[in-house]
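A look at the structure
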Amino acid sequence: EAQVTQNPRYLITVTGKKLTVTCSQNMNHEYMSWYRQDPGLGLRQIYYSMNVEVTDKGDVPEGYKVSRKEKRNFPLILESPSPNQTSLYFCASSQPGGAGELFFGEGSRLTVL
Amino acid sequence: GDSVTQMEGPVTLSEEAFLTINCTYTATGYPSLFWYVQYPGEGLQLLLKATKADDKGSNKGFEATYRKETTSFHLEKGSVQVSDSAVYFCALSDRRTSYDKVIFGPGTSLSVIP
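Read on for an overview of the structure.

Scoring rules and cut-offs
- Position numbers for residues start from 1 in each chain and track the written sequence from start to end.
- Just so you know, chain letters begin at A and ligand numbers begin at 1, following the order they were written in.
- Thresholds applied to this predicted model are a pLDDT of at least 70 for local features of residues and 80 or more for the giving and counting of side-chain atom pairs; totals over whole chains, interfaces and linings are not thresholded and use all residues.
- Think of the side-chain values as coming from all heavy atoms in the structure, minus any hydrogens and water.
- Each helix is a run of DSSP H or I of at least 4 residues and each strand a run of E of at least 2, with the numbering of both proceeding from the N terminus.
- Each residue is assigned to one of three classes by its accessible area relative to the maximum for its type, calculated with a 1.4 Å probe on protein chains only: buried under 20%, partly exposed between the two thresholds, exposed over 50%.
- Should any heavy atoms of two residues lie within 4.5 Å, those residues are considered in contact.
- Surface accessibility in these figures is a Shrake-Rupley result with a 1.4 Å probe; residues are shielded only by whichever protein chains are displayed.
- For the purpose of charge, His is not counted, nor are the chain termini; Lys and Arg are scored as positive and Asp and Glu as negative.
- A charge is said to be at NZ when it belongs to Lys, at CZ for Arg, at CG for Asp and at CD for Glu.
- Note on patches: the residues involved have over 30% relative accessible area and no salt bridge, like charges join within 9 Å, and the nonpolar side chains Val, Leu, Ile, Met, Phe, Trp and Tyr join within 5 Å.
- Salt bridge, as used here, is a side-chain nitrogen of Lys or Arg placed within 4 Å of a carboxyl oxygen of Asp or Glu.
- When DSSP finds two or more bridges between a pair of strands, those strands are recorded as paired.
- Axis angles are defined between N-to-C directions and span 0 to 180 degrees, where every axis is a line fitted to C-alpha atoms and, for a helix, only to the segment in contact.
- When two cysteine sulfur atoms lie within 2.5 Å, the pair is treated as a disulfide.
- Throughout, the accessible surface (probe 1.4 Å) given up by two parts as they are put together, summed over both, is called the buried area.
- We call two N or O atoms a polar contact when they sit within 3.5 Å, provided that within protein one can donate a hydrogen and the other can accept it, with sequence-adjacent residues counted only if both atoms are side-chain atoms.

1. A word on the overall build of chain B
A tally of helices and strands in chain B yields 0 helices and 12 strands. For chain B, the sequential pattern of α-helices and β-strands runs β-β-β-β-β-β-β-β-β-β-β-β. A total of 114 residues make up chain B; the buried ones form 46% of that total. Taking the contacts inside chain B whose residues are at least 6 apart along the sequence as the reference set, 56% of them involve residues at least 24 apart. Total accessible area on chain B is roughly 5,200 Å²; 49% of this is exposed by carbon and sulfur atoms. Charge separation in chain B, taken as the distance between the mean sites of 10 positive and 13 negative side-chain charges, equals 7 Å.

Here is the structure:
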């Protein structure tokens, strides 16, 4: 089954404790992206990757890091989480030229105390 | 820059009612337009799309027509069901850049009551 898998689905952590949210896709997609979803703001792009070893900032990259060492994986790293990073996070993938047809994971709800 | 505006929710309808969710966009090029749906506890999934002016996207009884003259892409369904309760996102894809950046509206929450 074609899918994008994120882990963990739910996480409560404390300010400053480094964490990683993993994302893996099995569709051989070149393009991957991270979004955060906040009430009233819709989805905002954090980082994206066009292919292995190619990453770039989205609209709200502050406080986040990513890496793309393999085509299927695109982890999101919060080096020193803060309460304003409490949010619902989505990983998505697509083929270049897919004209906006994104495939989303189920989301990771993060709470930073 | 490009942007998407959609009607504020939440929207509550009775089963079998007619649904319209308004969406307008701002773009300097010729974007592709989308409606994504997010069911409770799930990620977003593509509902329908239109890639050029006057195209009509349709799926699961939902329809939307790409209106360039009014820069709109309103979502409609003739008879909603309880299972249509979800959050609906209007979005556009900017093909001017080297990748397909997708810009989302804020989402409209729909609740359908029996």
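2. Comments concerning a nonpolar patch on the surface
On the surface, Ile 12, Val 14 and Leu 113 of chain A cluster together to form a nonpolar patch covering roughly 320 Å² of accessible area. Relative to the helices and strands, Ile 12 of chain A is located in strand 2 (residues 10-13).

3. A few points about the sheet that holds strand 7 (residues 56-59) of chain B
Residues and elements named next belong to chain B. An order of 3-9-8-7 is seen for the 4 strands of this open sheet, with the pairing classed as antiparallel. Edge strands, defined here as strands with exactly one partner in the open sheet, are strand 3 (19-21) and strand 7. Here the average twist between neighbouring strands, direction ignored, is 15°. Inspection of the sheet shows strand 3 paired to strand 9 (residues 75-77) by 3 bridges, in the antiparallel sense. The partner of Thr 20 across the bridge, within strand 9, is Glu 76.

4. Considerations on the sheet that holds strand 3 (residues 19-25) of chain A
Residues and elements named next belong to chain A. Within the open sheet, the 4 strands sit side by side as 1-3-8-7. Their pairing is antiparallel. Of all strands in the sheet, those bounded by a partner on one side alone are strand 1 (4-7) and strand 7 (65-66). Here strand 1 runs beside strand 3; their pairing, made up of 4 bridges, is antiparallel. Looking at strand 3, one finds that Gln 6 is bridged to Cys 23.

5. So, the state of the cysteines
All names here are of chain A. Scanning all chains against the criterion turns up 2 disulfides over all chains. With its sulfur 1.9 Å from that of its partner, Cys 23 forms a disulfide with Cys 91. Judged by the sign of its S-S torsion, about -75°, the cystine formed by Cys 23 and Cys 91 is left-handed. Highlighted residues: Cys 23 in strand 3 and Cys 91 in strand 9 (residues 87-94), separated in sequence by 68 residues.

6. Things to note about the interface of chain B and chain A
Contacts between chain B and chain A engage 20 residues on the former and 23 residues on the latter. Roughly 1,600 Å² of surface becomes buried between chain B and chain A when both sides are summed, with 54% attributable to carbon and sulfur atoms. Where chain B touches chain A, the interface holds 1 salt bridge. When the shortest N-O distance is used, the salt bridge between Lys 49 of chain B and Glu 101 of chain A registers 3.4 Å. If you look at where chain B meets chain A, you find 4 residue pairs in polar contact (both at pLDDT 80 or more). For the side of chain B that touches chain A, the element with the highest residue contribution is strand 5 (residues 32-38) of chain B, accounting for 4 residues.

7. Quick notes on the side chain of Ser 87 of chain A
Residue and element names in this part refer to chain A. By the secondary structure assignment, Ser 87 is in strand 9. Since its relative accessible area comes to 3%, Ser 87 is described here as buried. Within the structure, the side chain of Ser 87 is placed 3.1 Å from the backbone oxygen of Gln 37, a separation counted as a polar contact. In this structure the side chain of Ser 87 is engaged in a polar contact, spanning 2.8 Å, whose partner is the side chain of Asp 38. When near neighbours in sequence (up to four residues on either side) are disregarded, Ser 87 contacts Arg 36, Gln 37, Asp 38, Ser 108, Arg 109 and Leu 110.

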